[in-house]
Number of protein chains: 2
Amino acid sequence: MVYQLYYWPHIQGRGEVVRLTLEAGGAKYIDVARDADSVEAGREKIVEKINEESAARPPFAPPFLIDGDIVVAQAANILFYLGPKLGLAPSSEPDRNFAHQLQLTVTDLLMEVHDTHHPISNALYYEEQKEESVQRASGFIDNRIPKYMNYFEKVLQNNPSHSGWLIGDTMTYVDLSLFQVVQGLRYAFPKGFKKHEKRCLSVLSLNDKVFLDNKVSKYLSSDRRIPFNKSGVFRYYPELDK
Amino acid sequence: MVYQLYYWPHIQGRGEVVRLTLEAGGAKYIDVARDADSVEAGREKIVEKINEESAARPPFAPPFLIDGDIVVAQAANILFYLGPKLGLAPSSEPDRNFAHQLQLTVTDLLMEVHDTHHPISNALYYEEQKEESVQRASGFIDNRIPKYMNYFEKVLQNNPSHSGWLIGDTMTYVDLSLFQVVQGLRYAFPKGFKKHEKRCLSVLSLNDKVFLDNKVSKYLSSDRRIPFNKSGVFRYYPELDK
């Protein structure tokens, strides 16, 4: 079965946690919009699918995944669906539910990161809401980064199997997502994140473990990994990084 | 089995979709923080639980639900867990996953509503970010409310069973959540929401159907339903409602 992933072709964005899982799981997939002749044509494919009038289970927004007859939307929901099929989910049901709960926390965090550069409106450019972004990013760095990092640190330390992974003793899609968070925070807030690194050593060590995964490192050095840029969730604006 | 719900005792907030489902499902539950001697003591109970050092599956934030040995956090995740047990989830797996996907869309919407009065920081009062709130709320009313409402309208119209419910032919927890959204938008943005009402008649009719549900209407007129107020997700500030 070849999965079809629908996500914006020019950014990592909210789709990157799905791409990482597909890659780390060795899945056969088509990144539909990147497979098009141009970025514009790729975006058009997504919009067409979303606007299909008659879909019984329409997605609200990308990312969404098509697997035969099944359409699954919302990144965390896609991972809940894909994880077990790709051997990247815990095996027991309570652990699977906990993995999903953690993934929803990552979702919240990504939304907050996005709003550091778009606190007023998605319909405006960053430059039109720069002053407000400076304020929002400052609170995010000082209050929210440590709150989230302390939490993931606690989950890692309390994992009964002390494996260095968040749940159980093998890597799951949530580990991949936390890796993406660390990569993104280091890119967007090199100074701001640095201030908290000393207090989240288990998180950093998980980041290193994911980096060493064979399939992940191949993906990261391939041209399938879109570089961080100024259109995605994580953006580097020096004035926001204090 | 008596469920224990942990959520702030003075607001509907993100916990209300869970309270509505527990009530509509006729569940036996303790609203732990409301059961305390004071609001302060209630809040303390939640904080204590969150700060427990040794929990193997700790929650990040309320709401969370305790069911025997199981702790489930994140509102959408709690509903995914509770729905089938209370007869308020669809019966097939693809429909259950779709229900969850819709619930995650409601989660996103609630986060956006919250940010209309807290665009800069949760750590500041509304009064300290009022000017930015006016801007954010304006974009929310003009762009986001119609986008979400059009989507739910489409889901209702494309439901193959044409039941007036979002999925299948019986009321599920997602219907209850969409009801809560309509109640909240009408409270917080009476003028702003009115502008879009004509184009979401199926959503409004779902709202009316939920209102007529016996258990729901008993709950709404009981003192267990906390009134909307100026601390929750939905807040009425005339200056934000244009």
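Computed from a predicted model, the values in this text were never measured in an experiment. Every chain is numbered on its own, with residues counted from 1 as its sequence reads. Note on labels: chains are lettered from A, ligands numbered from 1, in written order. It should be noted that, the model being predicted, local features are given only for residues of pLDDT at least 70 and side-chain atom pairs only at 80 or more, the latter also being counted only at that level, while totals for whole chains, interfaces and linings use all residues. Only hydrogens and water are set aside; all other atoms, that is, all heavy atoms of the structure, feed into the side-chain values.

Trainee: How would you sum up the overall build of chain A? Please name residues and give values.
Mentor: The number of helices and strands found in chain A is nine helices and four strands. The secondary structure listing takes helices from DSSP runs of H or I that are at least 4 residues long and strands from runs of E that are at least 2 residues long, numbered from the N terminus. When the helices and strands of chain A are read in sequence order from the N terminus, they spell out β-α-β-α-β-β-α-α-α-α-α-α-α. The globule rule used here is 2.2 Å times the number of residues to the 0.38 power, and the radius of gyration it is set against is calculated over C-alpha atoms. Radius of gyration (C-alpha) of chain A: 18 Å, near the 18 Å computed for a compact globule of 242 residues. With respect to the principal axes defined by its C-alpha atoms, chain A has extents near 50 × 50 × 35 Å. Here, two residues are considered to be in contact whenever any of their heavy atoms come within 4.5 Å of each other. Counted over contacts in chain A with a minimum sequence separation of 6, partners at least 24 positions apart contribute 70%. In the structure as shown, chain A presents an accessible area of about 10100 Å², 50% of it carried by carbon and sulfur atoms. To measure how exposed things are, a 1.4 Å probe is used in the Shrake-Rupley method; for residues, cover is taken only from the protein chains shown.

Trainee: Break down the interface of chain B and chain A for me, with residues and values.
Mentor: Contact residues are listed per partner, giving 44 residues for chain B and 44 residues for chain A. Accessible area that two parts lose when put together, with a 1.4 Å probe and added across both, is what the buried area reports. Regarding the contact of chain B and chain A, the summed buried area is about 4100 Å², with carbon and sulfur atoms giving 54% of it. One speaks of a salt bridge when a side-chain nitrogen belonging to Lys or Arg is within 4 Å of a carboxyl oxygen belonging to Asp or Glu. Summed over the shared surface of chain B and chain A, the number is four salt bridges. Where B:Arg57 meets A:Asp95, a salt bridge forms, and the shortest distance between an N and an O atom there is 2.9 Å. Of all elements in the fold, only helix H2 (39-51), strand E4 (70-73), helix H3 (75-85), helix H4 (93-117) and helix H5 (130-158) of chain B reach the threshold of two or more residues within the side of chain B that touches chain A.

Trainee: Hey, could you go over the confidence of the model for chain A for me, with residue numbers and the actual values?
Mentor: pLDDT measures the predictor's confidence residue by residue and takes values from 0 up to 100. When pLDDT is averaged across chain A, the result is 97; 100% of the residues are at 70 or more. Scored as a complex, the prediction yields pTM 0.97 and ipTM 0.95.

Trainee: Can you break down the pattern of salt bridges residue by residue, with the values?
Mentor: Inspection of the entire model under this criterion finds 24 salt bridges over all chains. Between A:Glu52 and A:Lys49 there is a salt bridge whose closest N-O contact spans 3.5 Å. Given a relative accessible area of 36%, A:Glu52 falls into the partly exposed group. B:Arg186 is the partner of B:Glu197 in a salt bridge, and the nearest nitrogen-oxygen pair spans 3.0 Å. Using a 1.4 Å probe on the protein chains alone, a residue whose accessible area is under 20% of its type maximum counts as buried, one over 50% counts as exposed, and one in between counts as partly exposed.

Trainee: Account for the packing of helix H6 (residues 173-188) of chain A against helix H8 (residues 201-212) of chain A, with residues named and values stated.
Mentor: Residues and elements named next belong to chain A. Two numbers describe how H6 lies on H8: the axes approach to 9 Å, and their chain directions differ by 105 degrees. Looking at the two axes, H6 sits roughly perpendicular to H8. Listed contacts from H8 to Asp175, Leu176, Leu178, Phe179, Val182, Gln183 and Arg186 of H6 are Val203, Leu204, Leu206, Asn207, Val210 and Phe211. Each residue is assigned to one class: nonpolar for Ala, Val, Leu, Ile, Met, Phe, Trp, Tyr, Cys and Pro, charged for Asp, Glu, Lys and Arg, and polar for all the others, Gly among them. Partitioned by chemical class, the residues of the contact of H6 with H8 number nine nonpolar, two polar and two charged. Think of each axis as a best-fit line through the C-alpha atoms, taken over the contacting stretch in the case of a helix, with angles from 0 to 180 degrees between the N-to-C directions. Roughly parallel refers to an angle under 35 degrees, roughly antiparallel to one over 145, roughly perpendicular to one between 65 and 115, and oblique to any angle outside these ranges.

Trainee: Run through H4(B), naming residues and quoting values.
Mentor: Residue and element names in this part refer to chain B. Expected helix span is taken as 1.5 Å per residue step, with the number of steps being one fewer than the number of residues. In this model H4 runs 37 Å from its N-terminal to its C-terminal C-alpha over 25 residues, within 8% of the 36 Å that 1.5 Å per residue would give. Judged by how many residues are buried, H4 sits mostly within the fold: 21 of 25 residues are covered. We call two N or O atoms a polar contact when they sit within 3.5 Å, provided that within protein one can donate a hydrogen and the other can accept it, with sequence-adjacent residues counted only if both atoms are side-chain atoms. Its side-chain oxygen 3.2 Å from the backbone nitrogen of Asp95, Ser92 forms the N-cap of H4.

Trainee: Please provide a residue-by-residue account of the relation of the copies chain B and chain A, values included.
Mentor: Least-squares superposition of the copies uses the C-alpha atoms of those residues scoring a pLDDT of at least 70 in each of them. The transformation that overlays chain B on chain A combines an axial shift of 0.0 Å with a rotation of 180 degrees, and the residual RMSD is 0.0 Å. Each copy turns onto its partner about a two-fold axis. Of the C-alpha atoms belonging to chain B, the one lying closest to the rotation axis is found on B:Pro119, 2.7 Å away. Residue by residue, 100% of the interface of chain B is reproduced at the interface of chain A, so both copies engage with the same surface.

Trainee: Can you lay out the sheet that holds strand E1 (residues 3-6) of chain B for me, pointing to particular residues and giving the numbers?
Mentor: Residue and element names in this part refer to chain B. Any two strands are treated as partners once DSSP identifies two or more bridges connecting them. If you trace the four strands from one edge of the open sheet to the other, you get E2-E1-E3-E4, paired in mixed fashion. Looking along the sheet, the strands with just one partner apiece sit at the ends: strand E2 (29-31) and E4. Between one strand axis and the next, the sheet turns by 20 degrees as a mean value, whatever way the strands run. Where E1 meets strand E3 (residues 64-67), three bridges bridge the pair, whose relative direction is antiparallel. Note that in E3 the partner of Tyr6 across the bridge is Phe64. Strands in contact with H3 are E1, E3 and E4; relative to E4, the strand with the most contacts, it is inclined by about 125 degrees.

Trainee: Break down the packing of aromatic side chains for me, citing the residues and quoting the values.
Mentor: Two numbers describe a pair of aromatic rings. These are the distance of the centres and the angle of the planes. Note on ring pairs: Phe, Tyr and Trp rings are taken, using the six-membered ring of Trp, and paired if centres are within 6.5 Å. Classes follow the plane angle, with under 30 degrees stacked, over 60 edge-to-face and the rest tilted. Taken as a whole and judged by the stated rule, the model has 21 aromatic pairs over all chains. With a centroid separation of 6.1 Å and an interplanar angle of 90 degrees, the aromatic rings of B:Phe228 and B:Phe234 are classed as edge-to-face. Under the relative-accessibility criterion, B:Phe234 is labelled buried at 5%. Every member of this aromatic cluster is reached through a ring pair, and the members are A:Phe60, B:Tyr148, B:Tyr151 and B:Phe152.

Trainee: Tell me what's going on with H5(B), and back it up with residues and numbers.
Mentor: Residues spaced three or four apart along an α-helix face the same direction, because each turn holds 3.6 residues. End to end, H5(B) covers 40 Å across 29 residues, agreeing with the expected 42 Å (1.5 Å per residue, within 8%). What we call the bend at a residue is the angle made by axes fitted to the seven residues finishing there and the seven residues starting there. The largest bend in H5(B) comes to about 40 degrees, at B:Ile141.

Trainee: Talk me through the sheet that holds strand E1 (residues 3-6) of chain A; I want residue IDs and the actual numbers.
Mentor: All names here are of chain A. Strand order in the open sheet formed by four strands is E2-E1-E3-E4, with mixed pairing between adjacent strands. The open sheet has two edge strands, strand E2 (29-31) and strand E4 (70-73), and neither has a second partner. Strand after strand, the sheet turns through a mean of 20 degrees between neighbouring axes, direction not considered. Bridge analysis of E1 against E2 gives three bridges, and the strand direction is parallel. Across the sheet, the residue bridging to Gln4 is Ile30, located in E2. Docked against the sheet, helix H1 (residues 16-24) engages E1 and E2, running at close to 160 degrees with respect to E1.

Trainee: Quick rundown of the side chain of A:Ser133? Include the residues and the values.
Mentor: Assignment of secondary structure puts A:Ser133 in helix H5 (residues 130-158). Residues within four places of A:Ser133 in sequence aside, it is in contact with A:Thr116, A:His117, A:His118, A:Pro119, A:Tyr126 and A:Leu240.

Trainee: I'd love a proper account of the side chain of B:Arg235, names of residues and values included.
Mentor: Residue and element names in this part refer to chain B. On the secondary structure map, Arg235 appears in the segment after helix H9 (214-220). It turns out Arg235 is buried and unbridged, and the closest side chain with the opposite charge, Glu127, is 7.0 Å from it. Within the local environment of Arg235, its side chain forms a polar contact with the backbone oxygen of Ser231, the two atoms lying 3.1 Å apart. Beyond its immediate sequence surroundings of up to four residues, Arg235 is in contact with His117, His118, Tyr187, Ala188, Asn229 and Lys230. Charge assignment in this entry is limited to Lys and Arg as positive and Asp and Glu as negative, and neither His nor the chain termini are counted.

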